[in-house]
Amino acid sequence: MTDEGQPIRVLVVEDDPVAADAHVMYVGRVPGFVAVGKAHTGAEARRILDRTPVDLLLLDLHLPDVHGLQLARSLRAGGHHADVIAVTSARDLAVVREGVSLGVVQYVLKPFTFATLRDRLVRYAEFHAAAGEASGQDEVDRALAALRAPTPAALPKGLSAPTLRRVTDTLREAPDGLTAAGLAEAVGISRITARRYLEHLVDAGRAARSPLYGQVGRPELVYRWVRQGR
């Protein structure tokens, strides 16, 4: 909550409509937070910020009209002081370092689950609530530590981060999509396991599924990466 007891107001800035809707839904499920809007471009984000009070940006770094860090820099120069949680596939640590000076308080790597974002938002709320004068170094350290997750956010039971990365990379490199059977063969896992990882990516807004018709019997599902080449 803000100092006045109001929810923390979040603007979702994400160019992919499916992912944007998922992020808005995720924010709405965390007590103490409210999504006040969504923008698909940097220009749209600026327009919303000019008319709507915002405490926190959930900011995709790869927007169609501007890099997210360039947007953050221009917002600071324009007098906007909302904090930023960067939501990105980028893993360049130089970008992470640059973001620190621009108000980026957290990074969430795609694909992620609701539990991952919830953890970051809850920690941000603890940091945001810190007010007044610190009694000493320990209190300053505690305020900053609220932003840092002590352990990686857990994946759903039975899923592993290394396999998820292999599944993600394989699906991203398949422009026509893959069935669970096709993914299982490519990655070297069972069909049932492949489907679990694929459904996890769908739930995270990183993949979409559609039926594959034109064959005898029940149609198979084809899974496609939401953003090819991102």
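These remarks concern the structure in this document. Keep in mind that this is a model prediction, so the values were computed, not measured.

Before going further, it helps to examine the side chain of arginine 120. Looking at the element boundaries, arginine 120 is found in helix H5 (residues 114-129). Look at arginine 120 and you get buried, because its relative accessible area is 14%.

Looking now at the packing of aromatic side chains. Considering all chains together, one arrives at 1 aromatic pair under this definition. Consider the rings of tyrosine 26 and phenylalanine 114, whose centres lie 5.5 Å apart with planes at 55°: the pair is tilted. Of the two residues, tyrosine 26 is situated in helix H1 (residues 17-28) and phenylalanine 114 in helix H5; the sequence distance between them amounts to 88 residues. Residue tyrosine 26 is classed as buried on the basis of its relative accessible area, which comes to 2%. On the accessibility criterion, phenylalanine 114 (13% relative accessible area) is buried.

Attention now goes to the sheet that holds strand E2 (residues 33-39). Across the sheet, 5 strands lie side by side as E2-E1-E3-E4-E5; this open sheet has parallel pairing. Whereas interior strands pair on both sides, the edge strands pair on one side only; in this sheet they are E2 and strand E5 (104-109). On average, each strand axis in the sheet is tilted by 20° relative to the strand beside it, whichever way the strands run. Of the pairings in the sheet, the one linking strand E3 (residues 56-60) to strand E4 (residues 83-88) comprises 5 bridges and is parallel in character. Counted as the bridge partner of leucine 57 is valine 84 from E4. Here helix H2 (residues 42-51) sits on the sheet in contact with strand E1 (8-13), E2 and E3, set at roughly 130° to E2. Across the sheet, H5 lies against E1, E2, E3, E4 and E5, angled at about 170° from E5, the strand it touches most.

Before going further, it helps to spend a moment on the pairing of E1. Within E1, 5 of the 6 residues are buried, which leaves it mostly tucked inside the rest of the structure. Where E1 lies against E2, 6 bridges are found, and the strand directions are parallel. By the bridge assignment, arginine 9 is partnered in E2 with valine 34. Here E1 runs beside E3; their pairing, made up of 4 bridges, is parallel.

Rules of the game
Residues numbered from 1 in each chain as written. Predicted model: local features only at pLDDT ≥ 70, side-chain atom pairs only at ≥ 80, totals over all residues. Heavy atoms only, no water. Helix = DSSP H or I, 4+ residues; strand = E, 2+ residues; numbered from the N terminus. Buried < 20%, exposed > 50% of the residue type's maximum accessible area, 1.4 Å probe, protein only. Phe/Tyr/Trp six-rings, centres within 6.5 Å; stacked < 30°, edge-to-face > 60°. Pairing = 2+ DSSP bridges. Axes fitted to C-alpha atoms, helices over the stretch in contact; angles between N-to-C directions. Contact = heavy atoms within 4.5 Å.

Everything listed is a geometric property; what it means functionally is a separate question.
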